[in-house]
Amino acid sequence: MSYVGKSITRIDAEAKVKGEALYPGDFNLPNQAYMKILFANRPHAIVKRIDTARAKALPGVLAIFTAKDVPVNEYGLIMPDQPVLCGPGSSKPYADRVRFIGDQVALVIAENEEIAAQARDLIEVEYEDLPVLTDVHQAMESTENLLHPDRGSNVFCHYRIRKGDTEAAFSQADVIVEGEYHTPVQEHAYLQPEAGIGYIDEEGRVTIVVAGQWTHEDRKQIAHALNLPEEQVRVIYPAIGGAFGGREDMSIQIVLALATWRLSQQGINRPVKIIWSREESIIGHHKRHPYHIYARWGATKEGKVIAAEVKLIADGGAYAYTSTKVLGNATLMCTGPYEIPNVKVDSYAVYTNSIPNGAFRGFGGPQGAFAAEMQMNKLAERLGMDPVELRLRNVLREGSLLSVGTPLPKGVSIAQVVENCAKRAGWKQTSNGWEFDREKHPSLKLQKSNLRRGIGFACSFKNVGFSFGAPEQCQATIELRGKGEIEEAVLYHAGAEVGQGVHTVLIQMAAEALGVPIEKVRLIASDTATSGDSGSVSASRMTFMAGNAIRGAAKLALERWRNEERPAVGHYQYRPPRTTPYDPETGKSEPNFAYGYVAEAVELEVDIETGQIRLLNVICADDVGQAVNPQLVQGQIEGAVVQAAGYAILENFVQQNGEVLTRGLSTYLIPTVLDIPDRVESLILEYPDPIGPFGARGMGEMPYLPLVPAVASALHDATGVWFNEFPLTPERVLFGLTKSEE
Amino acid sequence: MLPEFDLVMPRSLNEALQVLAAGSPEVLPIAGGTNLTVDMRSGRYEPKVVVDIEKLPELKGIRRENGQICVGGGVTIAELLKDGLVAETAPVLKSACALFANPLIRNRATVGGNLVDGSPAADTAPSLLALDAEIELTSQDGKRRLPLDEFFIHVRKTARQPNELVTALRWALPKPGTGSAFYKLGLRKADAISVVSVAVVLEAEKGVCRKARIALGSVAPRPVRAKNAEEFLTGKLLKKEVFEEAAALTAQAVSPISDVRASAEYRRRMSAVLTRRMLEQAAEQTGWKE
């Protein structure tokens, strides 16, 4: 292949390195006004009254909008359970209450930011406080204190998996391991806080330039709330400063469009600009779900896992966001990439007054994988069996049945991925199976009396694309220009470049599919006015989905080119094999159409007197099917490992009774370059996916999944103590070690 | 957003002191501004007048002076970190500067600013306390010098009067047989506010401790010395059991709080662990082997 498989320089590199690339906050238009949002700043209350008189009277204030100005006052990616603005006069019931501190109450538009902020502080709001629920167990039981009274329960999603007979199987198990796990909240902490500019374009469309992950879905949600036809709304993404799932749900999109539109209705035709501060970003967008997971697994002494019972409770926070889908993933991933004949899973998503939780790289996978891999490593210890050997005796193979009673799509490579990773990390295949000889690894020897070193292993699988029956498609249009020969190939695609490099990959795949030099391919991207719906950049799906759409469009365009059409245009909508939702009783389903497979080995050092952990080496083996751009793949692996390392040992989002105590990056700490693992080795494996474009699988999330359990396993190897909760801050580690001594 | 203020840019120390002379809390000096601009944005301080002292020549320079090292209050952390005299005579301060915030902040933040902020976590404070540093405060009425230990009062409260500037810090040249060590335990390796920091300076003769200074950050409402442990060490042979005892005494001397970074209990335990380690390291440098 000429372009697929080559590490060409990403097309946006130069502009970004030089500071020339424009991010949403960089756009300025003549005569623009500024917007500030009044947040609730209280976790649970009914808004009794909003008085904007004093604020409106401030010179320089152009308009103030509240709930009564929102035509359809609801939104939500999966279910519309959140008011656009909370307050009286809403078009929807119960939209007069705030349910977390980041709920939005009023919009102030003024001549400049200072006046807007001043006016915001002059708005008088009368609240009637309601009891604050932050504990998921209490929220599950409560019948009186309901966040959404119209729903009748704080539990808003429940899945069941029933396969085989776990009770009978436990009675035949030689060892049973029970574990109770708790995973923490994580903040996306993308470089660029939410920002954007809204205006009415030359065709009269309400237009916003923002950062998001799915232009067409943003448009749909805006159109719904504004009660406008979708064609009257336009969404454009310029350069985007990171997303990681944190831009899948609405933050400023609807309110920016609303303010622009309402202003123009008042005859004020001025662009509106907003930039969130870091603090507004931290309280204003969702986080990674914290999970409580209770697991009970049984195995025979031959190392066959025969039963797994798991209960998962996800704290959804105040609104659903993508909780139901995240929970679906966690429900599937919590029994790992293993064939277990008897499985019983019950999972729940619950409303609380904490910040809503939603999409974040891995999408329920990391939480599920933590429980699954901890259970596997504990079983290995109890059985006296090597953890790699135990895995290889249980991993899913071609035709094996998942917990949901159906086989994986063809191209199952988890066994090869585990073997490759283990070999690289120093495991050997012997006549007794896979073994790791500690004596032969001097790097694991102690350096000082207070330091201990350990190695840990974990593996995982991650779906590619939307799951469980969610509508899935991706469109691409290719226009071939020229006369005798193709002079230019223009690719129209909506896929969002969030920093992962997808625009470069789209061009590589288009050049390959068309057989034209890559210099001739031009991309027009991320504008609902020029492209069809691509679906989101999430679920590790864009390379896979767009690649197939581009191949289809290229084929059509080339046919028309040969038929002498000028320009020759090919439009193609790719639809992957269909998936099906969980059966409500048994969970039986065909959950996904493609997967990636991953394994990681981690070496760490721990100071047993202070609890500080240093990650020495991470080996990450990923089956990506076909690396379209190996350097970008490596970037994704390293980025995911670093982000997961922050999740594992550092990032600590503190909420107390609905308040956020870590409202800035001085208290919510993410890794600096000095805190990342000393070494990350990316082992890129290419076992083609039978239906992936050029054999490619999606891979942006999977390196994230096994890191935390691999770290916890290495920590156990170093100290003999299992940590079932993280982040593994020095304090948690030290007190965990001390407790185990007592 | 920064509130509005008048910026005064004096050309000399005298001019600056004149502007400050009325002693109004609404007139604040600014050097690197790494604390003040943050505090002004958050609304903690709302000065009407800000006096830029960053470039005043009288606040610059690192020199030997009458058997002492003298550092101007306006010397930046980056300057301290690069200075040969500091490296030679006060490695304990150099170590602290190396862990101070990040390189960008170190280029702007000054040692005087770090101290007048009155933060219990001020990164240079433990080392300067352990060096027995003296702080020089200057106003239009003249200069006064006081031991740094008497300068810190409480969280964000120091002995500095609104009409005074920190013009210099001084400490004695190290005697032969001096050893020192510094450690900052933060939740990450750069750009982190310390959870506990410990600076130790020991003077020893043939393994017997002549003078000990142990100072800690982030474990009390101000940077503190563990004077009970210092006294205990004086006259003792430097050895493991003695260090253990001194570390235990240090843990008694601190009064940490629980906050978003760590619990009081963890801080107390780390005070002991890190003090013991720093004593061991400092003792090794005195040239004495057990």
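Calculation rules
- Residues numbered from 1 in each chain as written.
- Chains lettered and ligands numbered in written order.
- Predicted model: local features only at pLDDT ≥ 70, side-chain atom pairs only at ≥ 80, totals over all residues.
- Heavy atoms only, no water.
- Helix = DSSP H or I, 4+ residues; strand = E, 2+ residues; numbered from the N terminus.
- Buried < 20%, exposed > 50% of the residue type's maximum accessible area, 1.4 Å probe, protein only.
- Lys, Arg positive; Asp, Glu negative; His and termini not counted.
- Charge placed at Lys NZ, Arg CZ, Asp CG, Glu CD.
- Pairing = 2+ DSSP bridges.
- Axes fitted to C-alpha atoms, helices over the stretch in contact; angles between N-to-C directions.
- Contact = heavy atoms within 4.5 Å.
- Parallel < 35°, antiparallel > 145°, perpendicular 65-115°, else oblique.
- Left-handed = near helix turned anticlockwise from the far one by under 90°.
- Nonpolar A, V, L, I, M, F, W, Y, C, P; charged D, E, K, R; others polar.
- Buried area = accessible area lost by both parts, 1.4 Å probe.
- Salt bridge = Lys/Arg side-chain N within 4 Å of Asp/Glu carboxyl O.
- Polar contact = N/O pair within 3.5 Å; in protein donor to acceptor, adjacent residues only side chain to side chain.
- Core = buried A, V, L, I, M, F, W, Y, C linked by side-chain atoms within 4.5 Å.
- Domains from an automatic or database assignment.
- Expected span 1.5 Å × (residues − 1).
- Phe/Tyr/Trp six-rings, centres within 6.5 Å; stacked < 30°, edge-to-face > 60°.
- pLDDT = per-residue confidence, 0-100.

Some details on the overall build of chain B
In terms of helices and strands, chain B carries 12 helices and 14 strands. If you line up chain B on its principal axes, its C-alpha atoms span 60 × 45 × 30 Å. Out of the 290 residues belonging to chain B, those deemed buried represent 55%. The centroid of the 40 positive side-chain charges in chain B is displaced by 4 Å from the centroid of its 35 negative side-chain charges.

Describing the sheet that holds strand S15 (residues 305-317) of chain A
Residues and elements named next belong to chain A. Ordered by their spatial adjacency, five strands build an open sheet running S7-S16-S15-S14-S8, and the pairing between neighbours is mixed. The two strands at the open ends of the sheet, each matched to only one other strand, are strand S7 (155-163) and strand S8 (175-183). Averaged over all neighbouring strand pairs, the angle between strand axes comes to 5°, with direction disregarded. Where S8 lies against strand S14 (residues 291-299), nine bridges are found, and the strand directions are antiparallel. Looking at S14, one finds that Val 177 is bridged to Trp 297. Helix-sheet contacts for helix H9 (residues 323-333) involve S7, S14, S15 and strand S16 (342-351), and the interaxial angle to S7 is about 20°.

Points about the packing of helix H15 (residues 630-649) of chain A against helix H16 (residues 707-719) of chain A
Residues and elements named next belong to chain A. Closest axis-to-axis distance for the H15/H16 pair is 9 Å, and the angle between their directions is 55°. Put simply, H15 runs oblique to H16. Of the two elements, H15 crosses H16, and the hand of that crossing is right-handed. Residue-level contacts link Val 641, Ala 644, Ala 645, Tyr 647, Ala 648 and Ile 649 of H15 to Leu 707, Val 708 and Val 711 of H16. When its residues are assigned to classes, the contact of H15 with H16 shows nine nonpolar, no polar and no charged.

Section: the interface of chain A and chain B
Taken together, the 26 residues of chain A in the interface contact 20 residues of chain B. Interface area for chain A against chain B, summed over the two sides, is near 2000 Å², with a carbon-plus-sulfur share of 58%. The interface formed by chain A and chain B includes three salt bridges. Its salt-bridge partner being A:Glu609, residue B:Arg277 comes within 2.7 Å of it at the nearest N-O pair. Linking chain A to chain B there are 10 residue pairs in polar contact (both at pLDDT 80 or more). Elements with a contribution of two residues or more to the side of chain A that touches chain B: helix H3 (113-122) and helix H17 (730-741) of chain A.

Details of the side chain of A:Asn592
All names here are of chain A. Within the element layout of this structure, Asn 592 appears in the loop between strand S24 (568-574) and strand S25 (595-607). A relative accessible area of 7% places Asn 592 in the buried class. For Asn 592, the side chain forms a polar contact with the side chain of Ser 467, separated by 2.6 Å. Apart from the residues lying within four places of it in its own chain, the contact partners of Asn 592 are Leu 332, Pro 409, Asn 463, Gly 465, Phe 466, Ser 467 and Thr 579.

Let's talk about the nonpolar core
Looking at soluble globular proteins, one finds that nonpolar side chains tend to be buried together. Judged by nonpolar contacts, the single largest core of 239 residues is most densely connected at A:Trp297 and A:Leu480. With 11 residues, helix H14 (residues 542-562) of chain A is the single largest residue contributor to this core. Of the domains in this structure, domain 1 (31-130) and domain 2 (287-466 + 584-741) of chain A are the two that each give at least three residues to this core. Counting residues in each nonpolar core, the second largest holds 39 residues, with B:Ala109, B:Ala125, B:Leu146 and B:Leu148 among its members.

Topic: the pairing of strand S26 (residues 613-623) of chain A
Side-chain direction in a regular strand flips from residue to residue, so the side chains alternate between the two faces of the sheet. Residue and element names in this part refer to chain A. With 10 of its 11 residues buried, S26 lies for the most part within the structure. The pairing of S25 with S26 spans 10 bridges and is classified as antiparallel. Considered in S26, the bridge of Val 598 is made with Asp 622. In this structure, the hairpin formed by S25 and S26 is closed by a connection of five residues, where Gly 611 is found at a positive phi of approximately 85°. As defined by bridge partners, S26 adjoins strand S29 (residues 680-685) across six bridges and the pair is classed as parallel. When the bridges of S29 are listed, Ile 619 appears paired with Glu 681.

Overview of the domain arrangement of chain A
All names here are of chain A. As assigned here, chain A comprises domain 1 (31-130) and domain 2 (287-466 + 584-741). Using only C-alpha atoms to locate each centre, domain 1 and domain 2 end up separated by 41 Å. When residues of domain 1 are sorted by the area they lose upon contact with domain 2, Ile 78, Phe 100 and Ile 101 head the list and together hold 39% of the total. Linking domain 1 with domain 2 are zero salt bridges. If you look at where domain 1 meets domain 2, you find nine residue pairs in polar contact (both at pLDDT 80 or more). Residue composition of the side of domain 1 that touches domain 2, grouped by class: nine nonpolar, three polar and four charged.

Focus: H14(A)
End to end, H14(A) covers 29 Å across 21 residues, agreeing with the expected 30 Å (1.5 Å per residue, within 8%). Phi turns positive one or two residues past the end of H14(A), at A:Glu564, with a value near 70°.

Some words on the packing of aromatic side chains
Residue and element names in this part refer to chain A. If you walk through the whole model with that rule in mind, you get 18 aromatic pairs over all chains. Ring centres 4.8 Å apart and planes at 45° place the aromatic pair Tyr 159 and Tyr 582 in the tilted group. With Tyr 159 in strand S7 and Tyr 582 in the loop between S24 and S25, the pair connects residues that are 423 residues apart, well separated along the chain. Per residue, the accessibility class of Tyr 159 equals that of Tyr 582, and both read buried.

Regarding the pattern of salt bridges
Pairing is possible between side chains that carry opposite charge, provided their charged atoms lie close to one another. Tallied over the full model, the rule gives 77 salt bridges over all chains. For the salt bridge of A:Glu659 with A:Arg663, the shortest nitrogen-to-oxygen distance reads 4.0 Å. In this structure, B:Arg225 engages B:Glu230 in a salt bridge whose closest nitrogen and oxygen atoms are separated by 2.8 Å. Judged on exposure class, the residue B:Arg225 and its partner B:Glu230 are both buried.

Let's talk about the confidence of the model for chain B
Chain-level statistics for chain B give a pLDDT mean of 96 and a share of 99% at 70 or above. In the model output, the complex is listed with pTM 0.97 alongside ipTM 0.95.

What to know about the domain arrangement of chain B
All names here are of chain B. Splitting chain B by domain gives domain 1 (6-51), domain 2 (58-172) and domain 3 (178-285). Once you take the C-alpha centre of each, domain 2 and domain 3 turn out to be 20 Å apart. In this assembly, 23 residues from domain 2 lie in contact with 25 residues from domain 3. Taking both sides of the interface into account, the surface hidden between domain 2 and domain 3 amounts to around 2000 Å²; carbon and sulfur atoms contribute 58%. Taken together, the links from domain 2 to domain 3 amount to seven salt bridges. The residue Arg 225 makes a salt bridge to Asp 149 at a minimum N-O spacing of 3.8 Å. Counting across the domain 2 and domain 3 interface gives 11 residue pairs in polar contact (both at pLDDT 80 or more).

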